[in-house]
Every structure is written in C-alpha cells, then in structure tokens.
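These are the residues of each chain, in order.
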Amino acid sequence: MSSTRKFILKSSDKESFEVEEAVALESKTTKQVTEDECANDGIPLPNVTSKILSKVIQYCKKHLNADRASSVANDDLKSWDVEFIKVD
C-alpha cells in the first residue's frame, strides 16, 4: 500500500520533519495523533529533540521497508537494530 499523505513532525527544538503517512504510523505516538485527525498543523513532539527524532524516523523507515520487502531476513534486521542503537 503506497501512501502519498504527508505529516510534519515537530521536535522540541522547533525543527520540522516531513514524513509519509506510513512512516508516521510506525510510531505509536504519531499513529494515535494521525488516527485522531489532529495532525493538520503538524505533530508536536515536545519531549523529543531533532537529533533523536531524526533517529526515530530513520528507524521507522528501515522497519517499514523491511516489512514491505520480504527479501529482508529477520536476522539482518535484528543485526541492523543492534548496530543502530549504538549511540555516541
């Protein structure tokens, strides 16, 4: 299912990120806001900095793409997750 609807996620430090609906639905927090149709002016995330939000978006995109591509092995995704959570 291809999604063309876009949402704006707003970090605590006022940075905005435009994401496809499918990406926004990967997060329980943003999914609830989109389902309640309260996202017309963007989705404020007052407890999330832009640095963290960009990582969350990257994670959601990776898992969304893995769900779409049956060729991605579950072990490959688990390995990616292990490396991904190693932060500086």
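It should be emphasised that the depicted structure is a prediction, and the values quoted were computed from it without experimental measurement.

### Observations regarding the layout of surface pockets
Vacant regions in the atomic arrangement are exposed by a probe of water-molecule size rolled over the atoms. Here the second largest pocket is characterised by a volume of approximately 150 Å³. Lining of the second largest pocket is provided by Leu 9, Val 23, Ala 24, Ser 27, Thr 29, Thr 30, Leu 45, Val 48, Leu 53, Val 56, Ile 57 and Cys 60. Among the elements that make up the lining of the second largest pocket, the one with the highest residue count is helix α3 (residues 50–68) (four residues). Partitioned by chemical class, the residues of the lining of the second largest pocket number nine nonpolar, three polar and no charged.

### As for the side chain of Ser 50
Along the chain, Ser 50 turns up in helix α3. On the basis of relative accessible area, Ser 50 is assigned to the buried category, the value being 13%. At 2.9 Å, the side chain of Ser 50 and the side chain of Asp 13 are in polar contact.

### Side note on the sheet that holds strand β3 (residues 43–44)
The sheet built from three strands is open, its strands ordered β2-β1-β3 with mixed pairing. In this open sheet, the two strands that pair with only one neighbour each are β2 (16–20) and β3. By the bridge criterion, five bridges tie strand β1 (residues 6–10) to β2 in an arrangement that is antiparallel. The residue bridging Leu 9 from the neighbouring strand is Phe 17, located in β2. In this fold α3 packs onto β1 and β2, with an angle of close to 10 degrees to the strand it touches most, β2.

### Side note on the nonpolar core
A general trend in soluble globular proteins is that nonpolar side chains are found buried together. The biggest cluster of nonpolar side chains holds 14 residues, and the ones touching the most others in it are Phe 7, Leu 9, Val 19, Val 23, Ile 43, Leu 53 and Ile 57. Within the residue set of this core, elements represented by two or more residues are β1, β2, α1 (21–24) and α3. Top contributing element to this core by residue count: α3, with four residues.

### Structural notes on the pairing of β1
Burial along β1 is one-sided: the residues Phe 7 and Leu 9 are buried and none of Lys 6, Ile 8 and Lys 10 is. A loop of five residues connects β1 with β2, the two strands running antiparallel in sequence, and Lys 14 in this loop sits at a positive phi of about 70 degrees.

### Some points on the environment of Ser 54
In this fold, Ser 54 is placed in helix α3. Accessibility expressed as a relative area gives 32% for Ser 54, which makes it partly exposed. The spacing of Ser 54 and Glu 26 is 28 residues in sequence and 14 Å in space, taken between C-alpha atoms. For Ser 54, the side chain forms a polar contact with the main-chain oxygen of Lys 51, separated by 2.8 Å.

Cut-offs and rules
Residues numbered from 1 in each chain as written. Predicted model: local features only at pLDDT ≥ 70, side-chain atom pairs only at ≥ 80, totals over all residues. Heavy atoms only, no water. 1 Å grid on protein atoms, 1.4 Å probe; cavity = no way out; pocket = protein on both sides within 12 Å on 5 of 7 lines; lining within 4 Å. Points joined across faces, edges and corners; volume = space filled by probe spheres on them. Helix = DSSP H or I, 4+ residues; strand = E, 2+ residues; numbered from the N terminus. Nonpolar A, V, L, I, M, F, W, Y, C, P; charged D, E, K, R; others polar. Buried < 20%, exposed > 50% of the residue type's maximum accessible area, 1.4 Å probe, protein only. Polar contact = N/O pair within 3.5 Å; in protein donor to acceptor, adjacent residues only side chain to side chain. Pairing = 2+ DSSP bridges. Contact = heavy atoms within 4.5 Å. Axes fitted to C-alpha atoms, helices over the stretch in contact; angles between N-to-C directions. Core = buried A, V, L, I, M, F, W, Y, C linked by side-chain atoms within 4.5 Å.

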